[in-house]
Amino acid sequence: MISYWQIFRVFAKIGAFTIGGGIPMIAAIKSELVERKWLTDEDFIDIITLAQTAPGLFAVNISILTGHRLRGTKGSVVATIASCLPPFLIILLVAMFFTAFQENEYVIRAFKGIRPVVVALIGVPMLDMLKATKMKWWSWIIVLGSMTLVCFLKVSPIYILICVIVMAVFISWYKGKK
């Protein structure tokens, strides 16, 4: 059985070393949890899906769901505290000292250099999740259609989610009627 200390160490490491929180954390979480065999790929995708749809901070939702999956309610508390504590302390330190360095050319360049890395940290896990889902042709139409609507036509993702939920309920009802 996985100890609370192991959960704390892993989530503190994830919280301390993932830049951008939330979605960029997915790659770190996957490498820490799936490769340790604490979660399967399917469990991981389920947790990411639930964390994305639940209200609140994405990273905290992932911690709560994963901790609960590993050790129940106490595991949720440990994972959540562990993932939130390092960023809190880092932000506190940055807030204390950043004003003295915010105009420094090296600091500005460092932040500009971090941007592409964050994009990659978001993109790689998304591609991995797409591969793992083994989607059918109609799922790809929904993905590409949703991306087109959001990126190019500036449709709110909320409207897309509502439409997909209505479609899913209708399809389920229709299949149940057959």
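Above this text you will find the structure in question.
Attention in this report is confined to the structure presented alongside it. (Residues numbered from 1 in each chain as written. Predicted model: local features only at pLDDT ≥ 70, side-chain atom pairs only at ≥ 80, totals over all residues. Heavy atoms only, no water.)

In terms of nonpolar packing, the biggest core is built from 26 residues, with Ile 7, Phe 11, Ile 29, Leu 33, Phe 44, Ile 48 and Ile 62 touching the most fellow members. Taken together, the elements giving at least two residues each to this core come down to helix 1 (4–17), helix 2 (25–33), helix 3 (41–53) and helix 4 (58–101). If one sorts the elements of this core by residue count, helix 4 sits on top with 7 residues. With near-sequence residues (within four places) excluded, Ile 29 lies in contact with Ile 14, Val 34, Phe 44 and Ile 62. (Core = buried A, V, L, I, M, F, W, Y, C linked by side-chain atoms within 4.5 Å. Buried < 20%, exposed > 50% of the residue type's maximum accessible area, 1.4 Å probe, protein only. Helix = DSSP H or I, 4+ residues; strand = E, 2+ residues; numbered from the N terminus. Contact = heavy atoms within 4.5 Å.)

Two side chains bearing opposite charge may form a pair once their charged atoms approach each other closely. Applying the stated rule across the entire model yields 5 salt bridges. Linking Glu 32 and Lys 13 is a salt bridge whose minimum nitrogen-to-oxygen distance equals 2.8 Å. Of this pair, Glu 32 sits in helix 2 while Lys 13 sits in helix 1, and the two are 19 residues apart along the sequence. Here Lys 30 makes a salt bridge to Asp 41, at a shortest N to O gap of 4.0 Å. Pair noted here: Lys 30 is in helix 2 and Asp 41 is in helix 3, with a separation of 11 residues, a long-range link. (Salt bridge = Lys/Arg side-chain N within 4 Å of Asp/Glu carboxyl O.)

Turning to the state of the cysteines, a few remarks are in order. A disulfide bridge is the covalent bond that connects two cysteines by way of their sulfur atoms. One pass over the full model with this rule turns up 0 disulfides. Of the cysteine sulfurs around Cys 151, a residue in no disulfide, the closest is that of Cys 163, at 17 Å. (Disulfide = S-S within 2.5 Å.)

With the rule as written, the count across this model stands at 3 aromatic pairs. Residues Phe 170 and Tyr 174 carry aromatic rings whose centres are separated by 6.3 Å and whose planes lie at 20° to one another, so their mutual orientation is stacked. Of this pair, Phe 170 and Tyr 174 both sit in helix 7 (residues 157–177), separated by 4 residues, roughly a single helical turn. The exposure class of Tyr 174 is partly exposed, given its relative accessible area of 42%. Members of the aromatic cluster, each reached through a chain of ring pairs, are Phe 170, Trp 173 and Tyr 174. Over the ring of Trp 38 we find Arg 36; its NZ or CZ atom is 5.4 Å from the centre of that ring. The cationic tip of Arg 71 hangs over the ring face of Tyr 4; the distance from NZ or CZ to the ring centre is 4.0 Å. (Phe/Tyr/Trp six-rings, centres within 6.5 Å; stacked < 30°, edge-to-face > 60°. Lys NZ or Arg CZ within 6 Å of the ring centre and 35° of its normal.)

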